[in-house]
Amino acid sequence: MTTSHVDTYLARIAPRLDAVRERIALAAARAHRSPQDITLVAVSKGHPPEAVVAAYHLGVRDFGENRVEEADPKIHRVRELLREAGQTDFPRWHLIGHIQSRKAARAIGPYALIHSVDRLKIARRLNRFARDMGRVQPILLEVNISGEESKFGFSPEEVVEAVAEIATLEFLRIQGLMTMAPLVEDPEEVRPVFAGLRTLRDELASIYPELQWHHLSMGMTQDFEVAIEEGATIVRIGTAIFGPRE
Ligand SMILES: *Cc1c(COP(=O)(O)O)cnc(C)c1O
């Protein structure tokens, strides 16, 4: 039953994934970059564990979720399904959504990378829980480049100051920046948002050269090609791989 379920997703996802990989390669080529320098995070929110396992069988190893309460049981179930299939190379999970303070404890443990550290208060809390759990948690700082009110994230001005404190939090490790661009018809319109995140990263790297600034997590289904042209090292793609969410 479960296996046939996975097979259904395999048939649905395989051609979509091929197309996404092809588009990533073409965008990378336009920017004279290697596609290997771009990590595809398949955003599985709104899709079941069997869809994740299907994408895994097609070679995807990085998955993104935006709510810990949806992710926890899914991560657990995916492990079970992969074990049953004799797999031991478990996927890396990425937390990409806003973290409520009272759920911060659940954000430490399962995630290879938290993309959505969007305020000082949550950084302090995550640091405390990471310390309690004996972990060092890799993070990205989410920046609201577009300035849209509906978006989470540090403002570009705030983040420069916030880093001075976050850098002292012993159980968090900054790896770079993340942003979400506004929803627009033509992705060219959001090119300045992605270029802005890259410029900010370069600025932070010159102010804080002792820290790691490698990653730029930017680009989703609607705009990932422009993001890659502007330097994305991680793209977060859901719909183009898994289809529409329920
Ligand atoms: C849902 C989500 C994505 C993926 O969106 P798609 O348009 O389905 O590719 C990427 N990043 C974040 C933060 C998300 O919440």
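Look up a bit, the structure's there.
Residues numbered from 1 in each chain as written. Predicted model: local features only at pLDDT ≥ 70, side-chain atom pairs only at ≥ 80, totals over all residues. Heavy atoms only, no water.

### With respect to the environment of Val226
So, step 1. Inspection of the secondary structure puts Val226 in helix H7 (residues 224-229).
So, step 2. Its relative accessible area of 6% is what places Val226 among the buried residues.
So, step 3. Sequence separation of Val226 and Val190 is 36 residues, and the distance between their C-alpha atoms is 8.1 Å.
So, step 4. Apart from residues no more than four positions distant in its own chain, Val226 is found in contact with Pro187, Glu188, Arg191 and Phe194. (Helix = DSSP H or I, 4+ residues; strand = E, 2+ residues; numbered from the N terminus. Buried < 20%, exposed > 50% of the residue type's maximum accessible area, 1.4 Å probe, protein only. Contact = heavy atoms within 4.5 Å.)

### Concerning helix H5 (residues 156-166)
So, step 1. Every buried residue of H5 is listed here: Val159, Ala162, Val163 and Ile166. Projection of H5 onto a plane perpendicular to its axis shows the buried side chains occupying an angular sector of 110°, all on one side. The exposed residues of H5 that point more than 90 degrees off its buried face are Glu157 and Glu161. (Arc of directions from axis to C-beta.)

### Concerning the site of the ligand
So, step 1. By nearness alone, every residue bordering the ligand is listed as Val43, Lys45, Asn66, Ile96, Met180, Met220, Thr221, Arg236, Ile237, Gly238, Thr239 and Arg245.
So, step 2. Thr221 is positioned with one of its side-chain polar atoms (N or O) 2.5 Å from an oxygen atom of the ligand.
So, step 3. Between the ligand and Arg236 there is a distance of 2.9 Å, counted from a nitrogen atom to a side-chain nitrogen or oxygen.
So, step 4. About the coverage of the ligand: the protein hides 92% of its 390 Å² of free accessible area.
So, step 5. Structurally, the ligand is housed in the largest pocket. (Near = heavy atom within 4 Å. Polar contact = N/O pair within 3.5 Å; in protein donor to acceptor, adjacent residues only side chain to side chain. Areas by Shrake-Rupley, 256 points an atom, 1.4 Å probe, with all protein chains shown as cover. 1 Å grid on protein atoms, 1.4 Å probe; cavity = no way out; pocket = protein on both sides within 12 Å on 5 of 7 lines; lining within 4 Å. Sits in = over half its atoms within 2 Å of the grid points.)

### Description of the layout of surface pockets
So, step 1. Taken as a whole, the largest pocket encloses approximately 380 Å³ of empty space.
So, step 2. Of the residues belonging to the lining of the largest pocket, the class tally is 8 nonpolar, 8 polar and 5 charged. (Points joined across faces, edges and corners; volume = space filled by probe spheres on them. Nonpolar A, V, L, I, M, F, W, Y, C, P; charged D, E, K, R; others polar.)

### Things to note about helix H6 (residues 191-207)
So, step 1. With 17 residues, H6 should cover 24 Å at 1.5 Å per step; its first-to-last C-alpha distance of 25 Å lies within 8% of that length.
So, step 2. For H6, the set of buried residues is Val193, Phe194, Ala195, Leu197, Leu200, Arg201 and Leu204. (Expected span 1.5 Å × (residues − 1).)

### Here we look at the side chain of Asn144
So, step 1. Structurally, Asn144 can be placed in the loop between strand E5 (137-142) and H5.
So, step 2. A distance of 2.9 Å separates a polar side-chain atom of Asn144 from the backbone oxygen of Glu148.
So, step 3. Residues contacting Asn144, with those up to four places away along its chain left out, are Lys151, Phe152, Gly153, Phe154 and Pro156.

### Quick look at the pattern of salt bridges
So, step 1. This structure, assessed with the given rule, holds 20 salt bridges.
So, step 2. Its salt-bridge partner being Arg23, residue Glu225 comes within 2.9 Å of it at the nearest N-O pair. Here Arg23 lies in helix H1 (residues 2-30) and Glu225 lies in helix H7, a separation of 202 residues in the sequence.
So, step 3. Given a relative accessible area of 30%, Arg23 falls into the partly exposed group.
So, step 4. Here the salt bridges do not stand alone but share partners, grouping Arg30, Glu188, Arg191, Arg198, Glu229 and Glu230 into one network. (Salt bridge = Lys/Arg side-chain N within 4 Å of Asp/Glu carboxyl O.)

### Here we look at the pairing of strand E4 (residues 113-117)
So, step 1. A large share of E4 lies buried, amounting to 5 of its 5 residues.
So, step 2. As judged from the 2 bridges shared by strand E3 (residues 92-95) and E4, these two strands associate in the parallel manner. In the sheet register, His94 faces E4, and the bridge partner there is Leu113.
So, step 3. Relative to E5, E4 is paired through 2 bridges, and the arrangement is parallel. Paired with Val117 across the bridge in E5 is Leu141.
So, step 4. In the classification by handedness, the crossover that spans E4, the intervening helix H4 (residues 120-132) and the parallel E5 is right-handed. (Pairing = 2+ DSSP bridges. Right-handed = clockwise from strand over helix to strand, strands pointing away.)

### Details of unusual backbone geometry
Of all residues except glycine, most have a negative phi; of all peptide bonds, most are trans.
So, step 1. In this structure, His32 is a non-glycine residue whose phi angle is positive, near 55°.
So, step 2. The topology assignment puts His32 in the loop between H1 and strand E1 (39-43).
So, step 3. Accessibility expressed as a relative area gives 77% for His32, which makes it exposed.

### Considerations on the packing of H4 against H5
So, step 1. Their axes nearest at 11 Å, the elements H4 and H5 cross at an angle of 20°. Classified by the interaxial angle, the pair formed by H4 and H5 is roughly parallel. Here the hand of the crossing between H4 and H5 comes out right-handed. Contact with H4, carried on its side by Leu120, Ala123 and Arg124, involves Ala162, Glu165 and Ile166 of H5 and no other residues of that element.
So, step 2. By residue class, the composition of the contact of H4 with H5 is 4 nonpolar, no polar and 2 charged. (Axes fitted to C-alpha atoms, helices over the stretch in contact; angles between N-to-C directions. Parallel < 35°, antiparallel > 145°, perpendicular 65-115°, else oblique. Left-handed = near helix turned anticlockwise from the far one by under 90°.)

Read these as layout, nothing more, since geometry by itself doesn't imply function.
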